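# Remarks on the overall topology
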Amino acid sequence: TTEIYTLSLHDALPICNHNHQLFDRLLSLQGHLASAPSLQEMLNRLQRWARDLGLAGADVRLFSDRWQLGAPSSFTQLALSRQAFEPVRIQRLGKDQHYLGSLNGPELLLLLPQARSVGSVAMSLFGERGDLGVLMFSSRDTHHYQPGQGTLLLHYLALMLPELLSRWVARV
């Protein structure tokens, strides 16, 4: 049994190291986002963080029936109709909170209208019931995000986003 334990410990060390790095990145990002003086600066910081990781970008879309995003708000571009999103949710997420993989042309136009050359995405619903919006990281590589990959970082980012966003955008 000693050999099995040693082998298991040997296999666990890289996973522990990876999780430690993930936690450090998340903690650093959380502090960076929380100290942003404006919503635009917070979104810029999220975008820079994603690009520093080699990604194409990071985007936040807010369900328009849950946030006050109409005029005179300067963040109407963040609004996403839940009705328009529902087919994407059914097709890509099902009952899950996260989706990793590719999106088709109409889905990309709906979710990332400004994005160019998106090969794959990591998408997470946020809010306790996944009813407040969508966080997306995009990559130009079609194989960067694939089903079965870990979603722990996405999960924690999705948990902290509503509180951060509420500093600048009121909920309905």
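### Considering unusual backbone geometry
In the Ramachandran plot, Ser117 falls in the positive-phi region, its phi being about 55 degrees despite a non-glycine side chain. By secondary structure assignment, the location of Ser117 is in the loop between helix 4 (105-111) and strand 4 (120-126). Of the residues examined, Ser117 reaches a relative accessible area of 55% and is grouped as exposed.

### Considering the environment of Arg129
Here Arg129 shows up in the loop between strand 4 and strand 5 (133-139). Since its relative accessible area comes to 63%, Arg129 is described here as exposed. In this structure, the C-alpha to C-alpha distance between Arg129 and Gln97, residues 32 residues apart in sequence, is 8.8 Å. Apart from the residues lying within four places of it in its own chain, the contact partners of Arg129 are Arg66 and Gln97.

### So, the pattern of salt bridges
Following the criterion strictly, the structure yields seven salt bridges and no others. Glu41 serves as the salt-bridge partner of Arg45, at 3.0 Å between the closest nitrogen and oxygen. With Arg45 and Glu41 both in helix 2 (residues 39-52) and four residues apart, the pair spans about one turn of that helix. For Arg45, a relative accessible area of 14% corresponds to the buried category. Exposure remark for Glu41: the relative accessible area of 22% places this residue in the partly exposed category. Among the ionic pairs, Asp65 bridges to Arg82, the shortest N-O distance being 3.1 Å. With a gap of 17 residues between them, Asp65 in the loop between strand 1 (57-63) and strand 2 (79-80) and Arg82 in helix 3 (residues 82-93) connect regions that are remote in the sequence. The partly exposed category is assigned to Asp65, whose relative accessible area is 42%. Connected through shared salt-bridge partners, Glu41, Arg45 and Arg48 make up one network.

About the thresholds
Residues numbered from 1 in each chain as written. Predicted model: local features only at pLDDT ≥ 70, side-chain atom pairs only at ≥ 80, totals over all residues. Heavy atoms only, no water. Helix = DSSP H or I, 4+ residues; strand = E, 2+ residues; numbered from the N terminus. Buried < 20%, exposed > 50% of the residue type's maximum accessible area, 1.4 Å probe, protein only. Contact = heavy atoms within 4.5 Å. Salt bridge = Lys/Arg side-chain N within 4 Å of Asp/Glu carboxyl O.

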